[in-house]
Amino acid sequence: MKIAVFGREFQDNFNDGIYKIFETLNRNKADIYVYEDYFKFICEKLFFTPNISGTFKNSYEMPKDIDILLSIGGDGTMLESVEYALNLGIPVAGINSGRLGFLSTISKSGLEQAFSDIFSGNYSIENRTLLELQSQNNRFGTLNFALNELTVMRLNSSSMISISVYINDEFLTTYWADGLIVATPTGSTAYSLSAGGPILTPTSGNFIITPVSPHNLSVRPIVISDDCELKLAASGREKNYLVSLDYKQACFPFSEELVLKKSSKTLKTIKLPQNGFFATLRNKLLWGMDKRTNENT
């Protein structure tokens, strides 16, 4: 099996996890290719040189017959790995070396079981919806997609901005707020959740429109079908506003509108038997946890 490894810097408490990952991959005779900067970081931090077949600087340098991409880090690292998985059409599995991790669901303690399932084929593929942005000047280039969300925010000003939203060319409302989030089901447990949005199951086929600190408190998040096309027109006292697609950001003039729709591409993710969505919710959000006993009820 050919496996690509993508990652960022990690803390000392994950050092033994790195040893375990590469030891397990080598024991299973995997053909390993590692993101070059990550490989250098491992060698310098741990004084340890993993036994690998090669490195890559970008997705175009990856072998075309890679079977699986491993993302090692937090959810931010997983978001950065999306373009690598998409370009080759391969599934990605997230190993959590950070804290929360709704996308990076494989914990350090669960590495042995996870790799056992992966090498035995005991997993399924879950396709995650991507949100695609179309704009006049295509400021994000080929990276005009988001796995979690698109966010429109005010820029360098204490005043709110106004964002008019149209769904399939029908006017919805104008949000007067600090910003607006359009989230996928995957992104429902990210920024949208912290702004009061609902949680959606990964394959629900919806988008969420969630205002950020709206002036009118009666304006609440709304769930729409993901076959809708959204148009966003922002205005404010400044010349520009900020648009984020997951970790990518760009400034847009208020004269430039945004068009959002479901991408024709989907991200393939590896779903392990022990890491189902509801189990992840219980573990990450401590649902059913009794603080008096530290036990699930």
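So, a few notes on the structure that sits alongside this text.

**Digging into the pattern of salt bridges**
Line of reasoning, step 1. Following the criterion strictly, the structure yields 13 salt bridges and no others.
Line of reasoning, step 2. Ionic pairing is found between Glu23 and Arg27, a salt bridge with its closest N-O pair at 3.0 Å. Note that Glu23 and Arg27 are positioned in helix 1 (residues 15-27) at a spacing of four residues, about one turn of the helix.
Line of reasoning, step 3. Its relative accessible area of 44% is what places Arg27 among the partly exposed residues.
Line of reasoning, step 4. One salt bridge in this structure joins Arg139 and Glu256, with 2.7 Å as the shortest N-O distance. Remark: Glu256 occurs in the loop between strand 16 (248-253) and strand 17 (258-271) and Arg139 occurs in the loop between strand 6 (124-135) and strand 7 (145-146); sequence separation between them is 117 residues.
Line of reasoning, step 5. Taken together, the shared-partner salt bridges connect Glu23, Arg27 and Glu112 into one network.

**Comments concerning the sheet that holds strand 13 (residues 222-225)**
Line of reasoning, step 1. The strand order 13-12-11-8-15-16 describes an open sheet built from six strands, whose pairing is antiparallel. Of all the strands in the sheet, just strand 13 and strand 16 have a single pairing partner and so form its edges. Between one strand axis and the next, the sheet turns through 20° on average, direction left out of account.
Line of reasoning, step 2. With four bridges joining them, strand 12 (residues 206-212) and strand 13 adopt antiparallel strand pairing. Counted as the bridge partner of Ile209 is Ile222 from strand 13.

**Section: empty space enclosed by the protein**
Line of reasoning, step 1. Under the counting rule described, the total for this entry stands at three cavities of 30 Å³ or more.
Line of reasoning, step 2. Estimates place the volume of the largest cavity at around 310 Å³.
Line of reasoning, step 3. For the largest cavity, the lining is made up of 23 residues, of which Phe102, Leu103, Thr105, Glu126 and Arg128 are closest to its centre.
Line of reasoning, step 4. For the lining of the largest cavity, the secondary-structure elements that each account for two or more residues are strand 5 (92-96), strand 6, strand 17 and helix 6 (277-285).
Line of reasoning, step 5. The element contributing the most residues to the lining of the largest cavity is strand 17, with four residues.
Line of reasoning, step 6. Looking at side-chain class alone, the lining of the largest cavity contains 12 nonpolar, eight polar and three charged residues.
Line of reasoning, step 7. Roughly 50 Å³ of internal volume is contained in the second largest cavity.
Line of reasoning, step 8. Around the second largest cavity, the lining residues are Leu79, Glu80, Val82, Glu83, Leu143, Phe145, Leu147, Asp246, Tyr247 and Lys248.
Line of reasoning, step 9. At four residues, helix 3 (residues 75-88) tops the list of elements feeding residues into the lining of the second largest cavity.
Line of reasoning, step 10. Among the residues making up the lining of the second largest cavity, the classes are represented as six nonpolar, no polar and four charged.

How each quantity is defined
- Residues numbered from 1 in each chain as written.
- Predicted model: local features only at pLDDT ≥ 70, side-chain atom pairs only at ≥ 80, totals over all residues.
- Heavy atoms only, no water.
- Salt bridge = Lys/Arg side-chain N within 4 Å of Asp/Glu carboxyl O.
- Helix = DSSP H or I, 4+ residues; strand = E, 2+ residues; numbered from the N terminus.
- Buried < 20%, exposed > 50% of the residue type's maximum accessible area, 1.4 Å probe, protein only.
- Pairing = 2+ DSSP bridges.
- Axes fitted to C-alpha atoms, helices over the stretch in contact; angles between N-to-C directions.
- 1 Å grid on protein atoms, 1.4 Å probe; cavity = no way out; pocket = protein on both sides within 12 Å on 5 of 7 lines; lining within 4 Å.
- Points joined across faces, edges and corners; volume = space filled by probe spheres on them.
- Nonpolar A, V, L, I, M, F, W, Y, C, P; charged D, E, K, R; others polar.

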